[in-house]
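Structural description and commentary
Each chain, letter by letter, is given below.
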Amino acid sequence: MFDTVLVANRGEIALRVMRACRELGLRTVAVYSEADRDAPHVGYADDAYLIGPGPSSESYLNIERIIETAKQAGAGAIHPGYGFLAENSGFARAVANAGLVFVGPPPEAMERVAGKVEARNEAQAANVPLVPGTLKPLNDVSEVLPLAKEYGYPIAIKAVSGGGGRGLRVVWNDDEIEPAFDSARREAEVAFKSSALYVEKYLNNPRHIEIQVLADTHGNVVFVGERDCSVQRRHQKLIEECPSPALTPELRAEMGASAVRLTQSVGYHSAGTLEYLYQDGQYYFLEMNTRIQVEHTVTEMVYGIDLVKAQLRVAQGEALWFSQEDLVPRGHAIECRINAEDPLMNFRPALGTLGEYREPAGLGIRVDSGVRSGYSIPQFYDSMLAKLITWGQNRSEAIARMQRSLADYQIEGLTTVIPFHRAVMEHPQFVAGEFSVNFIPQHPELMERVALLMHPKTEIEAPDEADARAFAVEVNNRRFSVRIAEVGGPATGQNGKAAGTTRKARKAKGKAGAAPQDANSVTCPLQGVVAAVRTEPGQQVEAGQVLFVVEAMKMENEITAPRAGKIGDVRAKVGVSIEAGAALATYAAE
Ligand code: MV4
């Protein structure tokens, strides 16, 4: 059918797909941007083609260029990975129209579940449980109040084209309807160029559980268990596991059967994921993702199925070579996403170049990585460096193995979320399997532990890492590692402390972007565009009161008063760009 696959992606997933191709004897073609000349996926492919400048809009999202390249390279199929063009039905159609195979579902099936309201109607028709809510987009804000009365507060106002939490607003009382509606509409318009909204009852403490499905072109559909993806932050998943600690075999079978019904009814084939919320023993369909997902790996470890190879074989027209009864889970797998982000700075992406880089190894450990020693992280793409997956005979073995491999993982030159994962793996609620999507905000002690892991408290003023030299010494034949540094520098003050720059002062100098929050101004913590001004000169405000809304990275961020006080000048205007650290208003804190 096809013997060459173009992988329209980068990073770890491009490598992941190419490995699967190799095992199937398929030739691989990479595409890359000018920022990715040095990227690992380029070197791994049999052939590689430059497709444009760094920004993805000019390279990895350039549909015509990618299809042209596939033809030029003699590829018969295109695998989109995840992100970029993976869920773009226009791309899937253009690939097919060019006489190539899209390794994914048919565009018609993608479109039937693309919009949230359409997906809800499809789910309803397939008898899949839904969160109570509307089955049509709203025409006007006035429709919200009667719905709130019907479902009871809290309710969620959601964007029909939503995703990643964009255009989602939770409303707790009548007064919040209007501002939430306006804000959701603005955000939806910016992010999706569609301002259509709908309403659901809001579940306040659910788990996020998703079902993996696999369908061939002959009408066979199976589900490959579930994943629990509840540990996330701002709709970015951080940890996923299979199976979910919350499900019984009966519930798994019931949810799985519902997922198979919906998959079958929309004429789907390839791998797909149905997202559900799970609370108080009830499950509710949320949306369908029509791609291979980042966290597919944990399913593979527990079910022993290579999902990417399955996608490729199904795309070649092969019928599923196993049945539902053959799919038996074995043991437990956990994935930690290894992102270059600073957990203590709101998980802000950390750019830089990798120094020493060593991955953990051994039984039950899998690292799907897109980086290597000496690699510079391009600024244009996401901050995920690698995925660390551990398998164990049971959940506690998988956790112990994760703790061990997080400790063994050596990544120098960049701040990563590894200390966050270490804190989670030792957290009693996580270990007990008791968590919801609110896990991180519900446990402030977690981030305190992360801070301690990142900056251990020492008795003496700790020297800068860069100033210290490491030695191995032998004392009575026993080997010790010691770090030697001159503490405080040559000049010492009267109290014996360093008179020069302290570690703290040096650290602070090196860190840009953190907005100084002085008592006389409300500063903007991030660069963006002012979307709303909710205060006026002379206004008395309370601590935590929303004063401004700033749109950045297509997300709306509420800027609140750090303390109670009185607003002086309001400097920000709607539509104006604002730098991180700039003052939005002056105020006198009480
Ligand atoms: C919800 C919800 C509670 N009730 N809908 C967030 C992103 C979007 N994909 C769906 N989301 C939610 N929808 C109702 N009716 C809670 C969330 C939610 C969430 C969902 C999955 C994973 C993490 C989450 C974190 C916060 C809120």
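Higher on the page you've got the structure.
Notes on the structure follow. What you are looking at is a predicted structure, and each value in this text was computed from that prediction instead of being measured. (Residues numbered from 1 in each chain as written. Predicted model: local features only at pLDDT ≥ 70, side-chain atom pairs only at ≥ 80, totals over all residues. Heavy atoms only, no water.)

As a further point, take the overall build of the protein chain. Looking only at helices and strands, one finds 17 helices and 32 strands in the protein chain. Its C-alpha atoms give the protein chain principal-axis dimensions of roughly 85 × 70 × 50 Å. Across the 590 residues in the protein chain, those meeting the buried criterion constitute 50%. A sequence separation of at least 24 residues applies to 63% of the contacts in the protein chain between residues at least 6 apart. Of the roughly 26,500 Å² of accessible surface on the protein chain, 49% is carried by carbon and sulfur atoms. Of the side chains in the protein chain, 61 bear a positive and 74 a negative charge, and the two mean positions are spaced by 4 Å. (Helix = DSSP H or I, 4+ residues; strand = E, 2+ residues; numbered from the N terminus. Buried < 20%, exposed > 50% of the residue type's maximum accessible area, 1.4 Å probe, protein only. Contact = heavy atoms within 4.5 Å. Areas by Shrake-Rupley, 256 points an atom, 1.4 Å probe, with all protein chains shown as cover. Lys, Arg positive; Asp, Glu negative; His and termini not counted. Charge placed at Lys NZ, Arg CZ, Asp CG, Glu CD.)

The environment of the ligand is made up of 15 residues, and the closest members are K158, E200, K201, L203 and H208. Here a nitrogen atom of the ligand and a backbone polar atom of K201 are 2.7 Å apart. In this structure, L203 approaches the ligand through a main-chain N or O atom, which is 2.9 Å from a nitrogen atom. For the ligand, whose unbound accessible area comes to 520 Å², protein coverage reaches 91%. Of the residues assigned to the shell around the ligand, the class counts are seven nonpolar, four polar and four charged. (Near = heavy atom within 4 Å. Polar contact = N/O pair within 3.5 Å; in protein donor to acceptor, adjacent residues only side chain to side chain. Nonpolar A, V, L, I, M, F, W, Y, C, P; charged D, E, K, R; others polar.)

On to the sheet that holds strand β6 (residues 155-159). Across the sheet, three strands lie side by side as β7-β6-β8; this open sheet has antiparallel pairing. A strand with exactly one partner marks an edge of an open sheet, and here the two such strands are β7 (169-171) and β8 (197-201). The sheet shows a mean angle of 25° between the axes of neighbouring strands, taken without regard to direction. Alignment of β6 against β8, held across five bridges, turns out to be antiparallel. When the sheet's bridge partners are listed, A159 is paired in β8 with L197. (Pairing = 2+ DSSP bridges. Axes fitted to C-alpha atoms, helices over the stretch in contact; angles between N-to-C directions.)

Attention shifts here to the nonpolar core. Grouped together as the largest cluster of nonpolar side chains are 61 residues, with contacts concentrated most on I78, I239 and F420. Tallying contributions element by element places helix α13 (residues 418-425) first for this core, with five residues. Discounting residues that sit within four places of it in the chain, I78 has contacts with L6, A8, I66, I67, A70, F91, V95, L100, V101, F102 and V103. Among the nonpolar cores identified, the runner-up in size contains 40 residues, and L214, A271, I292 and Y303 belong to it. (Core = buried A, V, L, I, M, F, W, Y, C linked by side-chain atoms within 4.5 Å.)

Turning our attention to the side chain of R227. Mapping R227 onto the fold places it in strand β10 (residues 221-228). Residue classification places R227 among the buried residues on the basis of a relative accessible area of 0%. Within the local environment of R227, its side chain forms a polar contact with the side chain of T299, the two groups lying 2.8 Å apart. If sequence neighbours within four positions are ignored, R227 has contacts with H208, I209, E210, Q212, E241, C242, T273, Q293, E295, H296, V298 and T299.

Let's shift gears to the environment of E397. Within the secondary structure layout, E397 lies in helix α12 (residues 395-408). Here E397 falls in the partly exposed class, since its relative accessible area comes to 28%. In the structure, E397 is positioned 388 residues away from N9 in sequence and 34 Å away in space, judged by C-alpha atoms.

For the rest of this paragraph, the subject is helix α5 (residues 107-114). Taken together, the buried positions of α5 are P107, A109, M110 and V113. Burial along α5 is one-sided: seen end-on, the buried residues are contained in an arc of 160°. (Arc of directions from axis to C-beta.)

Take the pattern of salt bridges next. Counted under the stated rule, the structure contains 35 salt bridges. K237 is the salt-bridge partner of E295, the closest N and O atoms lying 2.8 Å from each other. You can see E295 sitting in the loop between β15 (282-289) and α10 (296-303) and its partner K237 sitting in strand β12 (residues 236-237), a full 58 residues away along the chain. Using a relative accessible area of 14% as the deciding quantity, one classes K237 as buried. Two residues, R337 and E295, come together in a salt bridge whose shortest N-O distance is 3.0 Å. Here R337, found in strand β16 (residues 332-339), pairs with E295, found in the loop between β15 and α10; they are 42 residues apart in sequence, far enough to count as distant. (Salt bridge = Lys/Arg side-chain N within 4 Å of Asp/Glu carboxyl O.)

What follows covers the state of the cysteines. Under the defined criterion, the tally for this structure stands at zero disulfides. Sulfur of C336: no disulfide; nearest cysteine sulfur belongs to C229 and is 12 Å away. (Disulfide = S-S within 2.5 Å.)

Cis rather than trans, the peptide bond between Y153 and P154 has omega equal to -5°. When you line up the elements, P154 lands in the loop between α7 (144-151) and β6. The amide bond that connects C242 to the next residue, P243, takes the cis arrangement and shows omega of -5°. By the secondary structure assignment, P243 is in the loop between β13 (239-242) and α9 (249-265). Even without a glycine there, the phi angle at F347 is positive, about 60°. Among the secondary structure elements, F347 is positioned in the loop between β17 (341-342) and β18 (348-349). With relative accessibility at 8%, the residue F347 sits in the buried group. At N476, a residue that is not glycine, the phi angle is positive and equals roughly 50°. Along the chain, the position of N476 falls in the loop between β23 (469-475) and β24 (478-484).

Packing of α12 against α13 brings their axes to within 10 Å, and their N-to-C directions diverge by 150°. For the element pair α12 / α13, the angle class is roughly antiparallel. Considering how the two elements wind past one another, α12 and α13 form a crossing that is left-handed. Contact with α12, carried on its side by I399, M402, Q403, L406 and A407, involves I418, H421, R422 and M425 of α13 and no other residues of that element. Of the residues contributing to the contact of α12 with α13, the split by class is six nonpolar, two polar and one charged. (Parallel < 35°, antiparallel > 145°, perpendicular 65-115°, else oblique. Left-handed = near helix turned anticlockwise from the far one by under 90°.)

A few words now on empty space enclosed by the protein. In the structure shown here, the tally under the stated rule is one cavity of 30 Å³ or more. As a volume, the largest cavity reaches approximately 50 Å³. The wall of the largest cavity is formed by H79, P80, G81, A86, F102, V103, G104, P105, T290, R291, I292 and Q311. Residue composition of the lining of the largest cavity, by class: six nonpolar, five polar and one charged. (1 Å grid on protein atoms, 1.4 Å probe; cavity = no way out; pocket = protein on both sides within 12 Å on 5 of 7 lines; lining within 4 Å. Points joined across faces, edges and corners; volume = space filled by probe spheres on them.)

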